[in-house]
Each structure stands twice: as structure tokens, then as C-alpha cells.
Amino acid sequence: MIESAEEFIRLRESEIPEEYVRSAEDELPLEIGMELVKNFPEMKQWVVINKTVPIEILELLADDEDENVRFEVASKRKLTRDLFLKLSKDPDATVRGRIVFNAKTPIDILRGMYPDSWDHLNEPLRKRIKAYEEKMKK
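Per-chain numbering applies: the sequence of each chain, read as written, is numbered from 1 onward. Totals for whole chains, interfaces and linings use all residues, but because this is a predicted model, local features are given only for residues with pLDDT of at least 70 and pairs of side-chain atoms are given and counted only at 80 or more. Each side-chain value is derived from all of the structure's non-hydrogen atoms; neither hydrogens nor water enter the calculation.

Engineer: Just checking my understanding: could you explain the overall build of the chain for this structure?
Structural biologist: Helices and strands together make up the secondary structure of the chain, namely 10 helices and 0 strands. What counts as a helix is a DSSP run of H or I of at least four residues, what counts as a strand is a run of E of at least two, and both are numbered from the N terminus. When the helices and strands of the chain are listed from N to C terminus, the series reads α-α-α-α-α-α-α-α-α-α. Reported as C-alpha extents along the three principal axes, the dimensions of the chain are approximately 50 × 30 × 25 Å. Residues classed as buried in the chain amount to 42% of the 138 residues present. Pairs at least 24 apart in sequence give 47% of the contacts found in the chain among residues at least 6 apart. Carbon and sulfur atoms make up 52% of the accessible area of the chain, which amounts to about 8,100 Å² in all. When a residue's accessible area, from a 1.4 Å probe over protein chains only, is under 20% of the maximum for its type it is buried; when over 50% it is exposed; and in between it is partly exposed. Residue contacts follow a heavy-atom distance rule, with two residues in contact if any of their heavy atoms lie within 4.5 Å. Each accessible area is a Shrake-Rupley estimate made with a 1.4 Å probe; only the visible protein chains count as cover when residues are assessed.

Engineer: What exactly am I supposed to notice about the side chain of Glu-72 here?
Structural biologist: Tracing the chain through its elements places Glu-72 in helix α6 (residues 67-74). By the counting rule applied here, Lys and Arg register as positive and Asp and Glu as negative, while His and the ends of each chain are not counted. Between Lys or Arg on one side and Asp or Glu on the other, a salt bridge is scored when a side-chain nitrogen of the former is within 4 Å of a carboxyl oxygen of the latter. One buried charged residue, Glu-72, forms no salt bridge at all, with the nearest opposite charge on Arg-98 at 7.1 Å. With sequence-adjacent residues up to four places away left out, Glu-72 is seen in contact with Gln-45, Val-48 and Ile-49.

Engineer: Can you help me understand the pattern of salt bridges in this one?
Structural biologist: It is possible for side chains bearing opposite charge to pair when their charged atoms get close. Taken as a whole and judged by the stated rule, the model has 12 salt bridges. Across the pair Arg-111 and Glu-133 runs a salt bridge, and its minimum N-O distance is 3.4 Å. Pair noted here: Arg-111 is in helix α9 (residues 107-113) and Glu-133 is in helix α10 (residues 122-137), with a separation of 22 residues, a long-range link. By relative accessible area, Arg-111 is classed as partly exposed at 39%. The exposure class of Glu-133 is partly exposed, given its relative accessible area of 35%. When salt bridges that share partners are traced, they join Glu-7, Arg-22 and Asp-26 into one network.

Engineer: So what exactly am I meant to see when it comes to the packing of helix α8 (residues 93-101) against α10 here?
Structural biologist: The axes of two packed helices give the description: the angle between them and the distance between them. Helix axes use the C-alpha atoms of the stretch in contact, all axes being lines fitted to C-alpha atoms, and the angles between their N-to-C directions lie in the range 0 to 180 degrees. Where α8 contacts α10, the axes come no closer than 10 Å and their chain directions differ by 20 degrees. What the angle tells us is that α8 and α10 run roughly parallel. Every pair of crossing elements has a handedness; the one defined by α8 and α10 is left-handed. Here Ile-99, Val-100 and Phe-101 of α8 lie close against α10, whose contacting residues are Pro-124, Leu-125 and Arg-128. Each residue gets one of three labels, nonpolar for Ala, Val, Leu, Ile, Met, Phe, Trp, Tyr, Cys and Pro, charged for Asp, Glu, Lys and Arg, and polar for the others, Gly among them. Of the residues belonging to the contact of α8 with α10, the class tally is 5 nonpolar, no polar and 1 charged. When an angle is under 35 degrees it counts as roughly parallel; over 145 it counts as roughly antiparallel; between 65 and 115 it counts as roughly perpendicular; any other value is oblique. Handedness of a crossing is defined here by the sense of rotation of the near helix relative to the far one, left-handed for an anticlockwise turn of less than a right angle and right-handed for a clockwise turn.

Engineer: Please clarify how the nonpolar core should be interpreted in this entry.
Structural biologist: Soluble globular proteins: nonpolar side chains tend toward being buried together. The nonpolar core is taken to be a set of buried Ala, Val, Leu, Ile, Met, Phe, Trp, Tyr and Cys residues, with the residues joined through side-chain atoms within 4.5 Å. With 34 residues, the main nonpolar core has Leu-36, Val-47, Val-73, Leu-79 and Leu-87 as its most contacted residues. Apart from residues lying up to four places away in sequence, Leu-87 is in contact with Ala-62, Arg-70, Val-73, Ala-74, Leu-79, Val-95, Arg-96 and Ile-99.

Engineer: Can you walk me through helix α7 (residues 81-88) in this structure?
Structural biologist: Leu-83, Phe-84, Leu-87 and Ser-88 are the residues of α7 that are buried. The buried residues of α7 occupy an angular sector of 130 degrees when the element is viewed end-on, so they sit on one face. For α7, the secondary structure elements touched by its buried residues are α5 (55-61), α6, α8 and α9. By construction, the arc corresponds to the directions joining the helix axis to the C-beta atoms.

Engineer: For this particular structure, what's the right way to read the packing of aromatic side chains?
Structural biologist: Note on aromatic pairs: each is described by the distance of the centres and the angle between the planes. Geometry of aromatic contacts follows a simple scheme: Phe, Tyr and Trp rings, the Trp one being its six-membered ring, pair when their centres are within 6.5 Å, and the pair is stacked under 30 degrees between planes, edge-to-face over 60, tilted otherwise. Tallying each qualifying case throughout the model produces 0 aromatic pairs. A cation sits over an aromatic face here: Arg-12 above Trp-46, 3.4 Å from the ring centre. Think of it as a cone above the ring: NZ of Lys or CZ of Arg counts as a charge over the ring if it is within 6 Å of the ring centre and within 35 degrees of the ring normal.

In C-alpha cells:
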């Protein structure tokens, strides 16, 4: 378990592969994650990448001004339905794209995204919807 914000930063910035991996895999308590978000904004994206990041942090960072942070949030499989829906309407096309390619995005949200204003997302959306419909026929 990560014991402090300073430990997380040290692990994340380490050149030792085992330590670097720990920043992404060791349990990140809510209090430490929130401290990182508040006091070390340059670490927000890396906080989201942590496999144990609490949903409360994802909810907070789904509204972050940095589209790279929102992109990482949209990549998470453990999002709530509300977060999938919010990020499916993100002003940044790359964030919406992560929702299109997130295996856990509910089909009705994908249907609601089609057609997207960014043409590059429409073909993947069609494919995901079609694959779901074919699966349901079986």
C-alpha cells in the first residue's frame, strides 16, 4: 500500500522498473489520492492510472480542465454509469473516443453517442453497436 503522497511521487519518478510499477499497482488510499490531486496537480494523470484509484477521485477528475486527465478517466473500466454518460459527452473528441473503445461502456450510451461530431468515431461506434446486436441475436 502507498503510505504517502511523497512515496507515490518517488515511486512514479523512479527509474527502477519495480518501483515505477508500484505507483500504478499498489493500493492508493482515498486520502492520499486526494492529497496528490490537490497539492500535486502534475500527478493527477498518474493517480488515475493507478489500478486501485478510488471512484471518488475518478468522479472529481472527470471534470478536470486537462483533457489528458479526462482521457485517462475515460479509460477506466470501473466507471459508474453516470461517469460513462458524462464522458461520452465530453467536448474533447479523444476523451469520447476512449469511451467508444472502453469495453465496459453500456450499449445504450454508445447508441446515444452515434453519430458523433468527429467522423473518426462513427465507424468504431457502428462496429461496437453492430457487434453487440449480433451477440444479442445468438
